[in-house]
Amino acid sequence: MNLVAPTPSPSRHAGIEHVDIGRVRIYLGAKNGKYPDGNQVMVRGTDTLAAFDTPLVANHIGPDFDAAELVVMGHVHEDHMAGLHRLPHAPVHVHQGDLAAVRSWEGLCAAFGTSGAGQAQMLARLQQEFFYAPRPDAIGYDDGAVWELGQARVRAFHMPGHTTGHTVLLVEPEGVAFIGDIDLTGFGPYYGDACSSLRDFRRSLARLPDVPARAWVTSHHRGVYTDRQRFLDDLQAYAAKIDERQARLLALLRNAPMDLAQLVAQRLLYPPGFDAPWVEDAERRTIAQHLQELQAAGRVQVDEAGCYRLG
Ligand SMILES: [Zn+2]
């Protein structure tokens, strides 16, 4: 069990474990919010009840979620949109970088990088498993945006990389930072979508400790941190996964020059044999970004045939 014990012990509401920190309530999704579920953050201002993202667990909370008057999205992915269909009248705020992705299916496909052939199958899966419904009415926000909820305020810190618009949401005065899919899991950072950026993810990881928070909430798995040192230790281990991937890529190329397809077949993210429709594309985009960095650093060269070797 990877949940870091929060200072206030979790209690239950509608059979779902939750943690309260001042006006912030965190409902823990199944298996601590492991994908496909996630952790639901609610902020009860004296004027406005706000939800951060809407993972699958949102569908089981009841009136505490269904009464939400505002949704602020940390980023747009299917597992963060699974409760939006319950709140057709609540304004949905999304960082400008992810706005097209929440507004339409075409926008989400472009963000994922899902090709035409895979789109119908993907749509059926998202509708079946995530209650997928786009929000053409969603409203864009920028870095530094503030929402006043009444004795509680939310501030946006744009932290791109996972997606273009990925944003950390800080609740004040509690100092609770919702860090979304900078999820500190053992898998490591995910930057395998068409809209992802390894370079941006590195910068966001370096900046995250500067957010003036006293508690940190991940969307998945880790849950709630109230011990800064444990948060920093786990952040460092998480960031180190990027360097581990780079080291593995260099080791593969030291062994034998390879083209991108051959490297994809070797797998950098997922274990060999694990297959899902998105795996090859995510591997290709991830590996390509690492190769680009290594080329820029003069550590890898590519020939006319697209074959990579150590520089
Ligand atoms: Zn995500």
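Scroll up to find the structure this text is about.
Only a predicted model underlies this, so the values are computations on that prediction, with no experimental measurement involved. (Residues numbered from 1 in each chain as written. Predicted model: local features only at pLDDT ≥ 70, side-chain atom pairs only at ≥ 80, totals over all residues. Heavy atoms only, no water.)

1. Description of the packing of aromatic side chains
We count it as follows: Pairing of aromatic rings covers Phe, Tyr and the six-membered ring of Trp, with a centre-to-centre limit of 6.5 Å; geometry is then stacked below 30 degrees between planes, edge-to-face above 60, and tilted otherwise. To sort residues, take the accessible area from a 1.4 Å probe on protein chains only and compare it with the maximum for the residue type: under 20% means buried, over 50% means exposed, and anything in between is partly exposed.
Throughout the structure, instances matching the rule amount to 10 aromatic pairs. Ring centres 5.3 Å apart and planes at 15° place the aromatic pair Y270 and F274 in the stacked group. A relative accessible area of 36% places F274 in the partly exposed class. Grouped by ring-pair contacts, the aromatic residues F187, Y270 and F274 constitute a single cluster.

2. Section: the sheet that holds strand β11 (residues 167–172)
Heads up, the rule is: We treat two strands as partners when DSSP finds at least two bridges between them. Counting from the N terminus, the helices are the DSSP runs of H or I reaching at least four residues and the strands are the DSSP runs of E reaching at least two.
Strand order in this open sheet of six strands is β9-β10-β11-β12-β13-β14, and the pairing throughout is mixed. Two strands in the sheet have a free side with no partner beyond their single neighbour: β9 (146–148) and β14 (224–225). Bridge count between strand β12 (residues 176–180) and strand β13 (residues 215–218): four bridges; the pairing is parallel. Bridge assignment links F178 to a residue of β13, and that residue is V217.

3. Things to note about the nonpolar core
The test is simple: For our purposes a nonpolar core is just a set of buried Ala, Val, Leu, Ile, Met, Phe, Trp, Tyr and Cys residues, chained together by side-chain atoms within 4.5 Å.
If you look at the biggest cluster of nonpolar residues, it comprises 35 residues, and the most contacted ones within it are V94, V102, L108 and L126. Residue assignment for this core shows that the elements contributing at least two residues are β5 (49–52), β7 (92–95), α3 (99–103), α4 (105–112) and α5 (116–130). Element by element, the count of residues in this core is highest for α4, at five residues. The next biggest cluster of nonpolar side chains, apart from the first, holds 25 residues, and it includes V43, Y141, V176 and F178.

4. Focus: unusual backbone geometry
The omega torsion across Y35 and P36 is 10°, close enough to zero to call that bond cis. Within the fold, P36 resides in the loop between α1 (30–33) and β4 (40–44). For N32, which is not glycine, the phi dihedral falls at a positive 55°. By the element assignment, N32 lies in helix α1. Positive phi, normally seen in glycine, also occurs at D53, with a value near 60°. If you trace the backbone, D53 turns up in the loop between β5 and α2 (63–66).

5. What about the coordination of the zinc ion?
For clarity, the threshold we go by: Counted as donors are the N, O and S atoms within 2.8 Å of the metal, or 3.2 Å for Na, K and Ca, while water is not among the atoms, so some sites may look incomplete. Only four donors with every angle between 85 and 135 degrees are called tetrahedral; only four or six donors with opposite donors over 155 degrees apart and all others between 65 and 115 are called square planar or octahedral, in that order; all others are irregular.
Around the zinc ion, the protein supplies H75 (NE2), H77 (ND1), H162 (NE2) and D181 (OD) as donor atoms, at distances of 2.1 to 2.2 Å. Around the zinc ion sit four donor atoms, and with donor-metal-donor angles ranging over 91 to 168° the site reads as irregular. For the zinc ion, all donor residues lie on one chain, and their spacing in sequence is H-x1-H-x84-H-x18-D. Taken together, the positions of H77 in the loop between β6 (70–72) and β7 and H162 in the loop between β10 (153–158) and β11 put the pair 85 residues apart, joining distant regions of the chain. The pair H77 / H162 is uniform in exposure class, with both members buried.

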